[in-house]
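Descriptive analysis of the structure
Chain by chain, the residues run as shown.
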Amino acid sequence: MDYNIEEQYDKIYRYCYMHVRHRQTAEDLTQEAFLRFLENKSYREVGKCLAYLYTIARNLCTDYYRRNKEEALPDEYERLLSSSAEDKSGEEYLIDTLDLREAVQQLEIEEQELLVWRYVNDVSVTDIAKILGISRFAVHRKLKSVLGRLEDIMGKGREH
Amino acid sequence: MKRRLKSQLKSQMKMIYEAPVPQGKEAFLQKIERMEKEEWRQEEELSCWKVLGIQIGYIRKWNWLVSVLFFAAVIVAEQSVKGRTLWGLSAFVPYLALMVVAEGLRSTRYRMEELELASRFSVKYILLARLGALGLFQLCLLLLLMPFLYTIRREAILEIGIHILLPWLSTVFVMFLMIRKMHGRESHSLCVGTAVIVSGACMTFGIMNVSMFDLAGAGVWTLLLVSGAVLAGREVYQFIRQSEELQWN
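This structure is a prediction, so every number in the text was calculated from the model and none was measured. (Residues numbered from 1 in each chain as written. Chains lettered and ligands numbered in written order. Predicted model: local features only at pLDDT ≥ 70, side-chain atom pairs only at ≥ 80, totals over all residues. Heavy atoms only, no water.)

From N to C terminus, chain B includes twelve helices and zero strands. Secondary structure of chain B in N-to-C order comes out as α-α-α-α-α-α-α-α-α-α-α-α. For chain B, long-range pairs separated by at least 24 residues make up 80% of all intrachain contacts whose partners lie at least 6 apart in sequence. Within the structure as shown, chain B displays about 14000 Å² of accessible surface, and the carbon and sulfur contribution to it stands at 65%. (Helix = DSSP H or I, 4+ residues; strand = E, 2+ residues; numbered from the N terminus. Contact = heavy atoms within 4.5 Å. Areas by Shrake-Rupley, 256 points an atom, 1.4 Å probe, with all protein chains shown as cover.)

Structure representation (structure tokens):
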């Protein structure tokens, strides 16, 4: 078995939180994803478990979006975003992080998703390719394009 | 800029996407642990042989009865009626094969497939158990007939083997091929048709009193027998694999 539930729990939770921006909902979706994942034993045995787990979580988040399209997003996330950088030391680092945070918020949700998988949850390019159903080469290209966009947004921000 | 962005990206992204500490993690992990323990316990309780035993109970009784009656009828007929060719025996064998295939199609015929797909043991395992049990039982009976017929008839064991096994294997192969390629009631009717055609061909050769070695040499028949075994095995395997794909759909 190439996954550890305890380790993956935090990652899937963080991923769901990125989508729903609400602690309790993110936790509910994470647990639902694990229950569905553990239900299907045969799929776990064919060695695609991480991609499968993320696919379930992704679908659950999409369903949540559809159900709650009309509802306003809780402000918990915004509050957290504005406060979490204050603990970091180093003025330049703080400025960069704030720049990056603003830039990331301007990205599409699919682009943010890609960054979270690759840079926050350390999901391999191979697994991302399996989740998205595209080639590894296409994942590399997408990542490169997202990083390029981030760089552009941050560059523009600095000019202003 | 790009290099610096990449080097800082990981740590900064982790900070940006930091989520509040989950509250229910420990309780959930304990629940999962209990569930997995329970699953292991149930799996240990319900071993492969037990599943096979349960499935054997679901195979209709007349399937076993007809197979045994066929076996008994051949023994009685061979001792009382002398000098008949083996074609009569070959003509009945395709119907035994039809029984195996009909057993495999029960889920589809009674529209129970979806329910079985959702059950704990998928339709793949159920089919494997049922087809395996009935198919192997019939094959064993047919193989048991071979030495018996050899002692009575003193004909070549190869000839007896071909007369008994080739119609069974070829019928199984053609039937499963048709079931895989075609769906619905048409395939069921075609299976019956196949059994009738193979049986009819054997019967015709019997009435014409044709020796099998007049039709082809021993080498050709052996090749046909081996090919029949390989192709039938392959088709059964493909049929069961296809049922697994159905589960994914």
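Continuing now.
A few words now on the pattern of salt bridges. Using the criterion set out here, one finds eleven salt bridges over all chains in the structure. The shortest N-O distance in the salt bridge between A:K11 and A:E7 comes to 3.5 Å. Of this pair, A:K11 and A:E7 both sit in helix α1 (residues 5–20), four residues apart, roughly one helical turn. Using a relative accessible area of 14% as the deciding quantity, one classes A:K11 as buried. Put simply, A:R36 and A:E32 hold a salt bridge, and the shortest N to O gap is 2.8 Å. In this pair, A:R36 and A:E32 are both assigned in helix α2 (residues 23–39), four residues apart and thus about one turn of the helix distant. Residue class for A:E32 comes out partly exposed when judged on its relative accessible area of 30%. Because the salt bridges share partners, they merge into one network encompassing A:D122, B:K10 and B:K14. (Salt bridge = Lys/Arg side-chain N within 4 Å of Asp/Glu carboxyl O. Buried < 20%, exposed > 50% of the residue type's maximum accessible area, 1.4 Å probe, protein only.)

This part covers the confidence of the model for chain B. Residue and element names in this part refer to chain B. The predicted model of chain B averages 78 in pLDDT, with 80% of residues at 70 or higher. Taking the mean pLDDT of every element in chain B, the minimum, 57, falls on helix α7 (residues 113–118) and the maximum, 84, on helix α9 (residues 157–181). Across the whole predicted complex the pTM is 0.48, and at the interface the ipTM reaches 0.71. (pLDDT = per-residue confidence, 0-100.)

To continue, consider the state of the cysteines. In total, this model carries zero disulfides over all chains according to the counting rule given. No disulfide involves A:C61; its nearest neighbouring cysteine sulfur is the one of A:C16, lying 3.9 Å away. (Disulfide = S-S within 2.5 Å.)

A few words on the environment of A:H22. Residues and elements named next belong to chain A. Note on placement: H22 falls in the loop between α1 and α2. Given the relative accessible area of 26%, H22 is considered partly exposed. A polar atom in the side chain of H22 sits 2.8 Å from the side chain of T25. (Polar contact = N/O pair within 3.5 Å; in protein donor to acceptor, adjacent residues only side chain to side chain.)

A few words now on the nonpolar core. Residues A:Y54, A:L100, A:L115, A:W117, A:L150, B:M13 and B:Y17 are the most contacted members of the largest nonpolar core, which totals 56 residues. Here this core gets eleven residues from one element, more than from any other, and that element is helix α4 (residues 49–67) of chain A. Judged by nonpolar contacts, the second largest core, of 47 residues, contains B:L96, B:A97, B:M99 and B:F239. (Core = buried A, V, L, I, M, F, W, Y, C linked by side-chain atoms within 4.5 Å.)

The subject of this paragraph is the confidence of the model for chain A. Interpretation of the predicted coordinates at a detailed level should be avoided for regions scoring low in pLDDT. Residues and elements named next belong to chain A. When pLDDT is averaged along chain A, the result is 77; 71% of the residues meet or exceed 70. Per-residue pLDDT, averaged within each element of chain A, yields its smallest value for helix α5 (residues 76–83) (46) and its largest for α2 (89). Contacts from residues 72–90, a stretch scored under 50 in pLDDT, to residues over four places away or in other chains number 29 contacts.

What follows deals with unusual backbone geometry. Note: most peptide bonds trans; most residues except glycine with negative phi. All names here are of chain A. A positive phi angle is found at R21, which is not glycine, with a value near 60 degrees. The topology assignment puts R21 in the loop between α1 and α2. Here D122, not a glycine, exhibits a phi torsion of approximately 55 degrees, which is positive. Mapped onto the elements of the fold, D122 is located in the loop between α7 (109–120) and α8 (125–132).

All names here are of chain A. It is the contact of α2 with α4, at a shortest axis distance of 9 Å, that shows an interaxial angle of 135 degrees. On the basis of the axis angle, α2 is oblique to α4. Seen from above, α2 lies across α4 with right-handed handedness. Contact residues: T25, L29, E32, A33, F34, R36 and F37 in α2; C49, Y52, L53, I56, A57, L60, C61 and Y64 in α4. (Axes fitted to C-alpha atoms, helices over the stretch in contact; angles between N-to-C directions. Parallel < 35°, antiparallel > 145°, perpendicular 65-115°, else oblique. Left-handed = near helix turned anticlockwise from the far one by under 90°.)

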